[in-house]
2 protein chains.
Amino acid sequence: MNGMSSNPPSKILLVDDEQDILEFLSYNLRKEGYEVYTSTNGKKAVEIARNVHPQLIILDVMMPDLDGIETCRELRAIDDLKDVVISFLTARGEDYSQIAGFDAGADDYITKPIKPRVLISRVQALLRRYNPENKTNKNKGNANTIQLGQITIDREAYLIIHDGTEIQLPKKEFELLALLGSKPGKVFTRDEILKSVWGDDVVVGDRTIDVHVRKLREKLGEEYIKTVKGVGYKFDF
Amino acid sequence: MNGMSSNPPSKILLVDDEQDILEFLSYNLRKEGYEVYTSTNGKKAVEIARNVHPQLIILDVMMPDLDGIETCRELRAIDDLKDVVISFLTARGEDYSQIAGFDAGADDYITKPIKPRVLISRVQALLRRYNPENKTNKNKGNANTIQLGQITIDREAYLIIHDGTEIQLPKKEFELLALLGSKPGKVFTRDEILKSVWGDDVVVGDRTIDVHVRKLREKLGEEYIKTVKGVGYKFDF
DNA sequence: CATTAACTTTAAGGTAAAATTAAAAGCATT
DNA sequence: AATGCTTTTAATTTTACCTTAAAGTTAATG
């Protein structure tokens, strides 16, 4: 039982159009002691959120009617809910750079399918961030973490969580990984990487990228970043 | 949206006891426009199949109660469902020599975990192979992939998916294939190929193209790239 | 059916690109 | 100014890809 920090259990609102997944998620979260509310559509979700003031809202991106992104906007527009933690729920392989570009104000992406254990740990991490005494609301606006299978990229803390272990990455390494991870599967050319991570003007030698890739592979394992010779690098997911 | 060939979206029945897998698969397939039905057990699956007549059934092999193999047998015993395409879903590393030996009547195996784009392409391949009238080859919105029968060319990832299997191609091979595939049926002369893939200035011998064609044929099969003697090469499917 | 031109096939270097390693150069922090 | 960490460079090795060359095959033509 982890839902109760000291006294009151954390309230979590789940929104997904599929009853099945809703049950799966709520079952696992309730087992941990969380107080779970559910809704199968965005409209109802906004209502519930207004009434119960959950600490965390998990929103499926793809929903008929009012989709996750719109729902998120509406929620963020409500004064009372300004600092609720909101996480999107997406299927793996999505283009996160695009979704992030929407800037709808989510704090996290959780990718499906997700194992109960991983779900719980992500939820815990998100709630830790909520921390009411921390009134300096840092997490405004865009998404701060992206979960790609075994790897979670936390843009706010510049760290990643790999197989449950936190790894603090230096700036450049982190930005390189975040770029590749923003569009899993896409090959980024060296030029694209240089422009995005180093900036238009900065000139560094070609081997610099290689060395950073090496560092990342050392820390994450060899399997995540793939080389496409003559083209560039990609995050394989 | 690719599920709709011309008008009616293809119906797919998914059967897996794990809720999150089910959700992952259905999310991705629905996004492509398929009409997806799900069941967490074999018995209910047979019922659904009887009622909705899906074009494709994807069955997890390992399920409690009525397992995939038995379910498949039952389905095949139903006269109405004789020519439904059935694919097993197995975990990677599972011993499926045994399963294959059972010969329960499946048309394909899909191994978990599977990447979204591979899943989609595999499903398309299956539907196309066994429903030949489904000849309409509408490209989906994703501007970076080209669907050519059993082959998907993904320009972003620099790879192709053939019969649902990813093949990472080297630069030159990929570019050659992408050129030929950009206009299926058209014969590209050697000059056109050289100019487009190698560039105006670069001078390479004529045999170089042949060798790359060979490599592609090795990886894809002989049937896709056709030689038109005295003229050039073309992609056919 | 011999000739020839065009394509196929195979295997062996050559080479450009990437990986690797170590060390130097930067930068904070104390 | 000394320490520890990050970033970049430089030098070397390794790898994968590309090209070529050489021999084999095919198909058209007289």
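Worth saying up front: this structure is predicted, and the values here are computed from it rather than measured.

### Side note on the overall build of chain A
Within chain A, the secondary structure is distributed over 8 helices and 12 strands. In chain A, buried positions account for 52% of the 237 residues. Contacts in chain A between residues far apart in sequence, at least 24 positions, make up 57% of those at least 6 positions apart. In the structure as shown, chain A presents an accessible area of about 10900 Å², 49% of it carried by carbon and sulfur atoms.

### Some remarks on the nonpolar core
If you look at the biggest cluster of nonpolar residues, it comprises 50 residues, and the most contacted ones within it are A:I57, A:F88 and A:I193. With 6 residues, the single largest contributor to this core is helix α6 (residues 171–182) of chain A. If we ignore the near neighbours within four places in the chain, the residues touching A:I193 are A:L176, A:L179, A:F188, A:W198, A:I209 and A:Y233. Counting residues in hydrophobic clusters, the runner-up holds 30 residues, among them B:L179, B:L194, B:V213 and B:L220.

### Examining the sheet that holds strand β11 (residues 225–228) of chain B
All names here are of chain B. The sheet built from 3 strands is open, its strands ordered β10-β12-β11 with antiparallel pairing. Edge positions in the sheet fall to β10 (187–189) and β11, since each of these pairs with one other strand and no more. Strand-to-strand twist across the sheet, computed as the mean angle between neighbouring axes with direction ignored, equals 30 degrees. Across 3 bridges, β10 lies against strand β12 (residues 232–235) in antiparallel orientation. Across the sheet, T189 pairs through a bridge with G232, a residue of β12. The strands that helix α7 (residues 190–198) touches are β10 and β12; relative to β10, the one it contacts most, it runs at about 75 degrees.

### With respect to the confidence of the model for chain A
All names here are of chain A. In the predicted model, chain A carries a mean pLDDT of 86, and 88% of its residues have values of at least 70. Strand β11 (residues 225–228) holds the highest mean pLDDT among the elements of chain A, 98, whereas helix α4 (residues 96–102) holds the lowest, 65. Below pLDDT 50 for its whole length, residues 133–141 participates in 12 contacts with residues either more than four positions away or in separate chains.

### Quick notes on the side chain of B:D60
Residue and element names in this part refer to chain B. Tracing the chain through its elements places D60 in strand β3 (residues 56–60). Residue D60 is classed as buried on the basis of its relative accessible area, which comes to 4%. Among the polar contacts listed, one links the side chain of D60 to the side chain of K112, at a separation of 3.4 Å. Look past the residues within four positions of D60 in its chain and what remains in contact with it is V15, D16, D17, G68, L89 and K112.

### Here we look at the protein's contact with DNA strand C
In the vicinity of DNA strand C there are 20 residues, among which A:R214, A:R217, A:Y233, B:D210 and B:Y233 approach most closely. For DNA strand C, the backbone portion of the atoms within 4 Å of the protein, that is sugar and phosphate, comes to 67%. In the environment of DNA strand C, a phosphate oxygen lies 2.5 Å from a nitrogen or oxygen atom belonging to the side chain of A:R214. At 2.4 Å, a side-chain N or O of A:Y233 approaches a phosphate oxygen of DNA strand C. Those elements giving two or more residues to the surface near DNA strand C turn out to be α8 (207–220) of chain A together with α8 (207–220) of chain B.

### Structural notes on helix α1 (residues 19–31) of chain A
Each turn of an α-helix holds 3.6 residues, which means side chains three or four residues apart point in the same direction. For α1(A), built from 13 residues, the straight-helix expectation of 18 Å at 1.5 Å per residue is met to within 8% by its first-to-last C-alpha distance of 18 Å. Directly beyond the C-terminal end of α1(A), a positive phi value near 100 degrees is found at A:G33.

### A few points about helix α3 (residues 68–77) of chain B
Residue and element names in this part refer to chain B. For α3, every residue scored as buried is listed here: G68, I69, T71, C72, L75 and R76. Mapping the buried residues of α3 onto a view down its axis gives an arc of 160 degrees, with all of them on the same face. At the N-terminal end of α3, a side-chain oxygen is found 3.1 Å from the backbone nitrogen of I69, two or three residues along, and the residue is D67.

### Quick notes on the packing of helix α2 (residues 42–52) of chain A against helix α3 (residues 68–77) of chain A
Residues and elements named next belong to chain A. It is the contact of α2 with α3, at a shortest axis distance of 10 Å, that shows an interaxial angle of 25 degrees. Comparing their axes, α3 and α2 come out roughly parallel. Here α2 and α3 pass one another in a crossing that is right-handed. Contacts between α2 and α3 involve G42, V46 and A49 on the former and, on the latter, T71, E74 and L75. Its residues assigned to classes, the contact of α2 with α3 comprises 3 nonpolar, 2 polar and 1 charged.

### Regarding the sheet that holds strand β9 (residues 165–168) of chain A
On the basis of which strands lie adjacent, the open sheet formed by 9 strands has the order β2-β1-β3-β4-β5-β6-β7-β8-β9 (chain A) and mixed pairing. The outermost strands of the open sheet, each flanked by one partner alone, are β2 (35–39) and β9 of chain A. This sheet shows a mean twist of 20 degrees between the axes of neighbouring strands, independent of strand direction. Where strand β3 (residues 56–60) of chain A and strand β4 (residues 85–91) of chain A come together, 5 bridges link them in parallel fashion. Its bridge partner lying in β4(A), A:D60 is registered against A:L89. Across the sheet, α6(A) is in contact with β6 (145–148), β7 (151–154) and β8 (159–162) of chain A; its angle to β7(A) comes to roughly 115 degrees. Along the sheet face, helix α1 (residues 19–31) of chain B touches β3, β4 and β5 (108–112) of chain A and points at about 100 degrees away from the line of β5(A).

### Some thoughts on the packing of aromatic side chains
What the rule picks out here adds up to 7 aromatic pairs over all chains. Put simply, the rings of B:Y224, B:F235 and B:F237 touch in pairs and so form one group of aromatic residues. Directly above the aromatic system of A:F188 lies the positively charged group of A:K186, at a separation of 5.0 Å from the ring centroid.

How each quantity is defined
- Residues numbered from 1 in each chain as written.
- Chains lettered and ligands numbered in written order.
- Predicted model: local features only at pLDDT ≥ 70, side-chain atom pairs only at ≥ 80, totals over all residues.
- Heavy atoms only, no water.
- Helix = DSSP H or I, 4+ residues; strand = E, 2+ residues; numbered from the N terminus.
- Buried < 20%, exposed > 50% of the residue type's maximum accessible area, 1.4 Å probe, protein only.
- Contact = heavy atoms within 4.5 Å.
- Areas by Shrake-Rupley, 256 points an atom, 1.4 Å probe, with all protein chains shown as cover.
- Core = buried A, V, L, I, M, F, W, Y, C linked by side-chain atoms within 4.5 Å.
- Pairing = 2+ DSSP bridges.
- Axes fitted to C-alpha atoms, helices over the stretch in contact; angles between N-to-C directions.
- pLDDT = per-residue confidence, 0-100.
- Polar contact = N/O pair within 3.5 Å; in protein donor to acceptor, adjacent residues only side chain to side chain.
- Near = heavy atom within 4 Å.
- Expected span 1.5 Å × (residues − 1).
- Arc of directions from axis to C-beta.
- Parallel < 35°, antiparallel > 145°, perpendicular 65-115°, else oblique.
- Left-handed = near helix turned anticlockwise from the far one by under 90°.
- Nonpolar A, V, L, I, M, F, W, Y, C, P; charged D, E, K, R; others polar.
- Phe/Tyr/Trp six-rings, centres within 6.5 Å; stacked < 30°, edge-to-face > 60°.
- Lys NZ or Arg CZ within 6 Å of the ring centre and 35° of its normal.

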